[in-house]
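Summary of structural features
Residues per chain, in single letters:
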Amino acid sequence: MTKPISLIQFLIEEKRAGHINAQLSLLIEVVARACKRISVATGKGALGGVLGNAGSDNVQGEAQKKLDVISNEILLEANAWGGHLAACASEEMEDPQPIPDAYPKGNHLLLFDPLDGSSNIDVNVSVGTIFSVLRCPDGVTEPKVEDFLQPGTEQVAAGYVVYGPSTLLVLTFGHGVHEFTLDREHGSFVLTRRGITIPPETGEFAVNMSNQRHWEAPMQRYIGELLAGAAGPRGRDFNMRWVASMVADVHRIITRGGVFIYPLDAKITAKGGTGKLRLMYEANPMAFIVEQAGGAATTGRERIMDIQPSALHQRVPVFLGSRNEIEVATRYHLEAD
Ligand code: AHG
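As the structure is a prediction and not an experimental result, all values here were calculated from the model. (Residues numbered from 1 in each chain as written. Predicted model: local features only at pLDDT ≥ 70, side-chain atom pairs only at ≥ 80, totals over all residues.)

**Points about helix α2 (residues 22-44)**
Going by this rule: Helix and strand assignments follow DSSP, with helices taken as H or I runs no shorter than four residues and strands as E runs no shorter than two, numbered in order from the N terminus. Every helix has an expected span of 1.5 Å times one less than the residues it contains. Backbone-placed C-beta atoms define the burial measure: a residue is buried with 20 or more other C-beta atoms within 10 Å of its own, exposed with 12 or fewer, and partly exposed in between.
Helix length check: α2, at 23 residues, gives a terminal C-alpha distance of 34 Å against a target of 33 Å (1.5 Å per residue), a fit within 8%. Those residues of α2 lying buried are Leu24, Ser25, Leu27, Ile28, Val31, Ala32, Ala34, Cys35, Lys36, Ile38, Ser39 and Thr42. Where α2 ends, the next residue or the one after it, glycine 45, has phi of about 55°, a positive value.

Put into structure tokens, the structure is as follows:
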């Protein structure tokens with residue numbers, strides 16, 4: 001195991017290495033501290049009175065869980081006063097949240113999905129927080145939506161926290177991917193894996209198979225090959241896993257390889273949709289992490305991080321994970337176009 005060092009010590013080392021500045025270091029500390037509070041809230045379950053619906057809808061028209069609302073508030077409140085942010089944007093809110101006038105402003109933009117996979121909360125299955133950090137454009141003091149609409153290649157940091165049997169933070173600054181485990185007794189995140197890599201080959205895929213009949217032909221072709229197993233073109237059997245919590249599914253891929261796919265399908269396009277997952281809060285940060293670990297992340301047609309966003313809550317198809325498989329799936333889509 002990697003020599004145990006705390007997140008704080010790791011951040012100091014990253015600063016000394018010139019990978020991050022003091023504001024970004026503080027930002028990550030603050031996000032990690034907020035996620036510890038979310039971890040405590042999710043861990044209380046029914047005893048904390050936090051399960052069930054909040055009785056409101058979010059900007060996506062989805063019913064909010066109480067923990068969606070609590071997690072969003074925890075992240076907003078923690079990030080308001082540190083002087084490291086110019087503004088925040090959340091999957092749960094229609095518009096960006098400015099930093100209150102009472103506090104100094106920094107030069108970063110923070111985007112987050114405060115509690116991803118929240119349909120899993122009530123059944124006690126892993127959920128997570130996903131975040132992405134951009135620079136605020138020079139000279140902008142009151143960031144607007146257009147200031148957030150930067151491609152994923154502009155991210156200066158991305159990470160997620162899984163609230164599972166243990167609470168884990170996975171982080172990248174564009175210099176590899178590192179995992180920290182929350183030491184619940186001491187209340188600090190401890191580095192448990194440094195320089196994580198995703199194997200290029202895999203025998204595992206994650207997809208919601210109940211949507212199969214709605215998929216496009218290249219997606220049918222790709223998954224058909226995996227399902228054919230040893231008798232198919234790969235000559236080996238594949239296993240399937242689907243937690244329905246992107247954070248948990250991506251964490252499995254970061255740990256032992258695999259592919260995660262949420263494709264475009266006829267059910268989505270019939271409603272005028274462009275995908276299920278959100279570019280700015282889910283696809284871009286996960287793509288940054290997966291690429292930094294040596295994997296690939298596309299929409300089936302183009303690299304996710306190259307997309308020029310057109311809206312804060314834009315949705316995209318997502319194919320990410322072990323490089324060789326993502327290349328095949330992407331090639332099939334491009335050949336079919
Ligand atoms: P939500 O946070 O609204 O529960 O969405 C979860 C996302 C993602 O985490 C997961 O991979 C996917 O939606 C699951 O979608 P299905 O329910 O269609 O399987």
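And the narrative resumes.
**Concerning unusual backbone geometry**
One non-glycine residue, asparagine 124, lies in the positive phi region at around 60°. Within the secondary structure layout, asparagine 124 lies in the loop between β5 (108-116) and β6 (127-135). Residue classification places asparagine 124 among the exposed residues on the basis of 11 C-beta atoms within 10 Å. The backbone of alanine 244 shows a phi angle near 70°, a positive value even though the residue is not glycine. Mapped onto the elements of the fold, alanine 244 is located in the loop between β12 (239-240) and α6 (246-256). The partly exposed category is assigned to alanine 244, around which 14 C-beta atoms lie within 10 Å.

**Overview of the UniProt feature "binding site: Mg(2+) 1" (unreviewed entry) in the protein chain**
To be explicit about the condition: UniProt positions are given in the numbering used here, feature names are shortened, and annotations may be inferred rather than shown by experiment. Our contact criterion uses C-beta atoms placed from the backbone: two residues qualify when those atoms are within 7 Å.
Using the residue numbers shown here, the UniProt feature "binding site: Mg(2+) 1" (unreviewed entry) corresponds to Glu91, Asp113 and Leu115. Spanning 25 residues, the named residues form one tight spatial group whose C-alpha atoms are at most 9.2 Å apart. Its place among the elements puts glutamate 91 in the loop between β3 (85-90) and β4 (97-98). Not counting residues within four places of it along the chain, the set of residues in contact with glutamate 91 comprises Asp113, Arg278 and Tyr281. You can see aspartate 113 is positioned in strand β5. Take aspartate 113: there are 28 C-beta atoms within 10 Å of it, and that puts it in the buried class. Each residue touching aspartate 113, except ones within four places of it in the same chain, is listed here: Glu91, Thr129, Ile130, Arg278, Tyr281 and Glu282.

**Remarks on the pairing of β5**
Formally: Here, a strand pair is defined by DSSP locating no fewer than two bridges between the strands.
Summarising burial for β5: 9 of the 9 residues are buried, a large majority. Strand direction decides the pairing type here: β3 and β5, joined by 5 bridges, are parallel. Across the sheet, the residue bridging to cysteine 88 is leucine 110, located in β5. Direction of pairing for β5 relative to β6: antiparallel, over a ladder of 7 bridges. Paired with aspartate 116 across the strands is glycine 128, a residue of β6.

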